[in-house]
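Structure at a glance
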Amino acid sequence: EGRITVTKALARSNDIFFYRLGENIGIDKLVEYSRRLGLGAKTGVDLPGEASGLMPSPLWAEKEWGSRWFLGDTYHVSIGQGDLLTTPLQVNRIFAEIVSGKKCAPRLVGVSDCVDLSISAKARGTVMKGMRMACESGGTGFHFFDLNGAVFCKTGTAQHGGETTKPHAWISVVVPREKMDDWVVVTVMLSEAGEGSEQAGPVARKIVDYLLQNEP
């Protein structure tokens with residue numbers, strides 16, 4: 001890819017860019033920011049049996065495995081791999097946080113409790129620009145190219161298991177509804193299905209088409 005910006009790195013899902021970014025930020029800051037967004041903790045949804053996931057850290061590795069934390073571990077976490085565990089609901093909420101700047105407890109019934117994350121509009125706008133580019137020609141979300149930037153998305157392909165195991169296929173799509181104060185976040189995860197853009201993309205597109213065709 002050559003020298004690229006963060007927006008193009010998001011659009012192209014460039015692992016090497018995020019390896020280097022994670023290396024420069026450092027694992028301690030990565031853990032701090034990730035936990036601030038809610039990784040490794042229950043969302044508080046009003047359903048039983050929610051999993052907390054795991055945001056690994058050097059202290060966790062020492063306690064759990066009795067081993068040191070290496071730069072390669074930081075590389076893995078920087079692209080959402082390694083020992084990191086998350087739920088589709090946590091991922092969906094993170095994309096909602098990018099748009100709104102707030103962390104809310106998901107609710108099926110009633111009003112959510114929300115906390116302002118104090119993330120600058122400029123930082124959130126940069127991520128949103130990269131997500132728009134991901135859904136346009138040249139990005140990874142090719143199932144949305146014909147919408148000409150009407151939605152924002154990010155694909156993901158999470159390797160796990162051995163070489164014969166297919167990766168989990170992920171995609172999250174932000175769908176503006178009339179105005180950016182009114183939007184829907186769609187997250188699709190297909191277990192051991194393959195590439196995120198290829199496998200999860202078509203499923204998300206059907207949901208997005210329904211949302212766009214049934215504006216309130």
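Reading the values: rules and limits
Residues numbered from 1 in each chain as written. Predicted model: local features only at pLDDT ≥ 70, side-chain atom pairs only at ≥ 80, totals over all residues. Heavy atoms only, no water. Helix = DSSP H or I, 4+ residues; strand = E, 2+ residues; numbered from the N terminus. Buried < 20%, exposed > 50% of the residue type's maximum accessible area, 1.4 Å probe, protein only. Contact = heavy atoms within 4.5 Å. Patch = residues over 30% accessible without salt bridge, like charges linked within 9 Å, V, L, I, M, F, W, Y side chains within 5 Å. Areas by Shrake-Rupley, 256 points an atom, 1.4 Å probe, with all protein chains shown as cover. Salt bridge = Lys/Arg side-chain N within 4 Å of Asp/Glu carboxyl O.

Examining the side chain of serine 34
With respect to the helices, strands and loops of the structure, serine 34 is situated in helix α3 (residues 27–37). Residue classification places serine 34 among the buried positions, given a relative accessible area of 14%. When neighbours within four sequence positions are excluded, serine 34 is seen to be in contact with Leu39 and Met55.

As for unusual backbone geometry
For serine 13, which is not a glycine, the phi torsion comes out positive at approximately 50°. Its location among the elements puts serine 13 in the loop between α1 (6–12) and α2 (15–25). Since its relative accessible area comes to 24%, serine 13 is described here as partly exposed. If you check the backbone angles, glutamate 192 has positive phi at about 50° while not being a glycine. Structurally, glutamate 192 can be placed in the loop between β5 (179–190) and α8 (196–213).

Observations concerning a nonpolar patch on the surface
A surface patch of nonpolar side chains, amounting to about 230 Å² of accessible area, comprises Leu21, Ile25 and Tyr33. Looking at the element boundaries, tyrosine 33 is found in helix α3.

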